[in-house]
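Notes for the structure review
Given next are the chains, with one letter for each unit.
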Amino acid sequence: MGACLGACSLLSCASCLCGSAPCILCGCCPSSRNSTISRLIFTAFLFLGVLVSIIMLSPGVESQLHNLPWVCEEGARTPVVLRSHIDCGSLLGHRAVYRMCFATAAFFFLFTLLMTCVHSSRDPRAAIQNGFWFFKFLVFVGITVGAFYIPNGSFSNIWFYFGVVGSFLFILIQLVLVIDFAHSWNQRWLGRAEERDSRAWYAGLSFFTLLFYSLSVAAVTLFFIYYTQPSACYEGKVFISLNLILCFCVSIIAVLPKVQEAQPNSGLLQASAVTLYTMFVTWLALSNVPDQKCNPHLLTNGTVLAGAEGYVTQWWDAPSIVGLIVFILCTLFISLRSSDHQQVNSLMRTEECPPILEATQQQQVVGCKGRAFDNEQDGVTYSYSFFHFCLLLASLHIMMTLTNWYRPGETQKMTSTWTAVWVKICASWAGLLLYLWTLVAPLLLPNRDFS
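Thresholds applied
Residues numbered from 1 in each chain as written. Predicted model: local features only at pLDDT ≥ 70, side-chain atom pairs only at ≥ 80, totals over all residues. Heavy atoms only, no water. Helix = DSSP H or I, 4+ residues; strand = E, 2+ residues; numbered from the N terminus. Contact = heavy atoms within 4.5 Å. Areas by Shrake-Rupley, 256 points an atom, 1.4 Å probe, with all protein chains shown as cover. Buried < 20%, exposed > 50% of the residue type's maximum accessible area, 1.4 Å probe, protein only. Disulfide = S-S within 2.5 Å. Axes fitted to C-alpha atoms, helices over the stretch in contact; angles between N-to-C directions. Left-handed = near helix turned anticlockwise from the far one by under 90°. Nonpolar A, V, L, I, M, F, W, Y, C, P; charged D, E, K, R; others polar. Patch = residues over 30% accessible without salt bridge, like charges linked within 9 Å, V, L, I, M, F, W, Y side chains within 5 Å. Salt bridge = Lys/Arg side-chain N within 4 Å of Asp/Glu carboxyl O. Core = buried A, V, L, I, M, F, W, Y, C linked by side-chain atoms within 4.5 Å. Parallel < 35°, antiparallel > 145°, perpendicular 65-115°, else oblique. pLDDT = per-residue confidence, 0-100. Phe/Tyr/Trp six-rings, centres within 6.5 Å; stacked < 30°, edge-to-face > 60°. Expected span 1.5 Å × (residues − 1). Polar contact = N/O pair within 3.5 Å; in protein donor to acceptor, adjacent residues only side chain to side chain.

What follows concerns the overall build of the chain. Summing up its helical and strand segments, the chain has 17 helices and 6 strands in all. For the chain, the proportion of contacts with a sequence separation of at least 24, taken over those separated by at least 6, is 77%. A total of about 21900 Å² of accessible surface is found on the chain, and carbon and sulfur atoms cover 67% of it.

This is how it looks when you write it as structure tokens:
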């Protein structure tokens, strides 16, 4: 009897996986929007690919991948001899990450094309977006298996440039999310301060603003101590100084009377958060400088002597770990966010929920306890296509992060290149210009509504 009940339960779950998102939640879970559940499940697909990529970097798995045709072979199955004494399995692990992330990016690229111009859940394609998870998982697995049988050739070299461009764009998206988070935070705490007539909320905003600026100044100090030398590292000195000056300028612009008049919610909290994120990106760039005098992480980015047996590769340094954490938080924020910032909504292709639709959704919550309800019958709350495009860029960004921006074929040594440095520094500059645009846009375009 127990076996029969268990089989019926599994069949019920299988039918839900083949159906729509409302079946995903069980009765013990709170009611949720259909759009949020779908985004979370797609994000779980991305995290699954990231997990597999991390596993493939472990030495035990690398040794098992030698059965594939593209592993450490050159010409007629001649093993490649690495000049830096790194075990061939390390290079293999990174090639495996390239293929895993290629499969993830291809999966989301397919949905980017498929979900173009979907305006409401009444569109037949919306059922594919919000359901049929079992079949989508099979498609994901199929693409992954196929990716591992792509002949090596020039695949890794070409895919490297896709990763560079995608990672550059995703760094900008991360900055937009930071601006959105700081804006929402500032607006909510100011609203509570006015409602409750309490200065504690103002003190809290001031404390975190001062904290972010203090961390930024401390970061700049540490950059000059550990990533520069008195008679060397001129590029690093220029990058650190220039980003510090640019952050100071945008902070001043954020509190100018004209900007405050056009955007009352603009303030130093957002500017301090952008400054701290810019210093974080600067740190990532400096950690990729291919000069041992200017980069204390270079030994962990490359090879480390491990006794008489030779060399071992160690990839998990502090910048990589922090970068992975920031990636996870930003990706989850993409799935859960519901912004009230007009310009951020325009950049991220999302819409603010109108009051009438919000009231309708509250009624649906009461009648759909423990299930997901369709909140997009009158219009989608986010662009399906752009959401998948963001996950595509996230796949490329995590590929570059896990491989420390190593370019296959550029050198036999497992070290970073100046390509990574310039891409990250240029992304920090472009991010600051983007934030500057959100500040001055209402002044330069007075005829447009930026409220």
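As a further point, take the environment of I37. Tracing the backbone shows I37 in helix α2 (residues 34–56). What makes I37 buried here is its relative accessible area of 8%. Expressed as a C-alpha distance, the spacing of I37 and L336, which sit 299 residues apart in the sequence, is 9.0 Å.

Moving on: the state of the cysteines. Evaluated as defined, the whole model comprises 1 disulfide. A sulfur-sulfur distance of 2.0 Å marks the disulfide that ties C233 to C294. Between C233 and C294, the S-S torsion sits near -95 degrees, and that sign places the bridge as left-handed. One end of the pair, C233, is in the loop between α8 (200–226) and α9 (234–254); the other, C294, is in the loop between α11 (268–286) and α12 (298–301), and 61 residues separate them in sequence. There is no split in this pair, since C233 and C294 are both buried.

Looking now at the packing of helix α7 (residues 155–196) against helix α17 (residues 418–444). Viewed as axis vectors pointing N to C, α7 and α17 meet at an angle of 35 degrees, and their least axial separation amounts to 9 Å. α17 is crossed by α7, and the crossing has right-handed handedness. The residues of α17 that touch α7, namely those facing F160, V164, F168, I171, L172, L175, V176 and I179, are T419, V423, K424, C426, A427, A430, G431, L432, L434 and Y435. Residue composition of the contact of α7 with α17, by class: 15 nonpolar, 2 polar and 1 charged.

Bringing a nonpolar patch on the surface into the picture now. A cluster of nonpolar side chains, namely L48, L51, I55, F132, F134, F135, F137, L138, V141, V145 and Y149, defines an oily patch on the protein surface of about 980 Å² accessible area. For the nonpolar patch, the secondary-structure elements that each account for two or more residues are α2 and α6 (133–147). For the nonpolar patch, the element with the most residues is α6, which contributes 6 residues. With respect to the helices and strands, Y149 occurs in the loop between α6 and α7.

Within the largest apolar cluster, 87 residues are counted, with the highest numbers of intra-cluster contacts made by F42, F108, F223, F327, M399 and Y435. Counting residues per element, this core draws most heavily on α7, at 15 residues. Beyond its immediate stretch of four places on either side in the chain, F108 contacts F42, F45, L46, H388, L391, L392 and S395. With 8 residues, the next largest nonpolar core counts A232, F239, A285 and V289 among its residues.

Where α2 meets helix α16 (residues 384–402), the closest approach of the two axes is 11 Å, and the angle between their N-to-C directions is 15 degrees. In terms of axis orientation, α2 runs roughly parallel to α16. In the packing of α2 onto α16, the handedness of the crossing is right-handed. Facing α2, whose interface residues are R39, F42, T43, L46, V50, S53 and I54, α16 presents F387, H388, L391, A394, S395, I398 and L402.

Here the focus is unusual backbone geometry. If you check the backbone angles, F132 has positive phi at about 55 degrees while not being a glycine. In this structure, F132 sits in the loop between α5 (124–130) and α6. Here F132 falls in the partly exposed class, since its relative accessible area comes to 36%. For C233, which is not a glycine, the phi torsion comes out positive at approximately 60 degrees.

A few words on the confidence of the model for the chain. Here the chain averages 74 in pLDDT, while 68% of its residues score no lower than 70. Note on residues 300–314: pLDDT is under 50 here. Beyond four places in sequence and across chains, it has 31 contacts. In this model, residues 352–370 is a region of pLDDT below 50 whose contacts with residues beyond four sequence positions or in other chains number 25 contacts.

With that settled, the discussion passes to the side chain of N186. Its place among the elements puts N186 in helix α7. Among all residues touching N186, those that are not within four sequence positions of it are L205, N265, L269 and Q270.

Within this structure, the stated rule accounts for 31 aromatic pairs. Here W185 and F212 contribute two aromatic rings whose centre-to-centre distance is 6.1 Å and whose plane-to-plane angle is 70 degrees, an arrangement assigned as edge-to-face. Here W185 is found in helix α7, whereas its partner F212 is found in helix α8, with 27 residues between them in sequence. Each member of the pair W185 and F212 is classed as buried. Between W189 and W201, the ring centres sit 5.4 Å apart and the planes meet at 70 degrees, which makes this aromatic pair edge-to-face. Here the residue W189 occupies a position in helix α7, and W201 occupies one in helix α8, the gap between them amounting to 12 residues. Taking the relative accessible area as the measure of exposure, W201 reaches 18% and is therefore buried.

Next up on the list: α8. In an α-helix, one turn spans 3.6 residues; hence positions three or four apart end up facing the same way. Helix length check: α8 (27 residues) gives 38 Å between terminal C-alpha atoms against 39 Å at 1.5 Å per residue, within 8%. Summarising the contacts, the buried residues of α8 are in contact with α7, α9 and α11.

A few words on the side chain of T275. Tracing the backbone through its elements, the reader meets T275 in helix α11. According to the relative accessible area criterion, T275 is buried, its value standing at 5%. A distance of 2.7 Å separates a polar side-chain atom of T275 from the backbone oxygen of A271. Residues contacting T275, with those up to four places away along its chain left out, are Y213, S216, C247 and S251.

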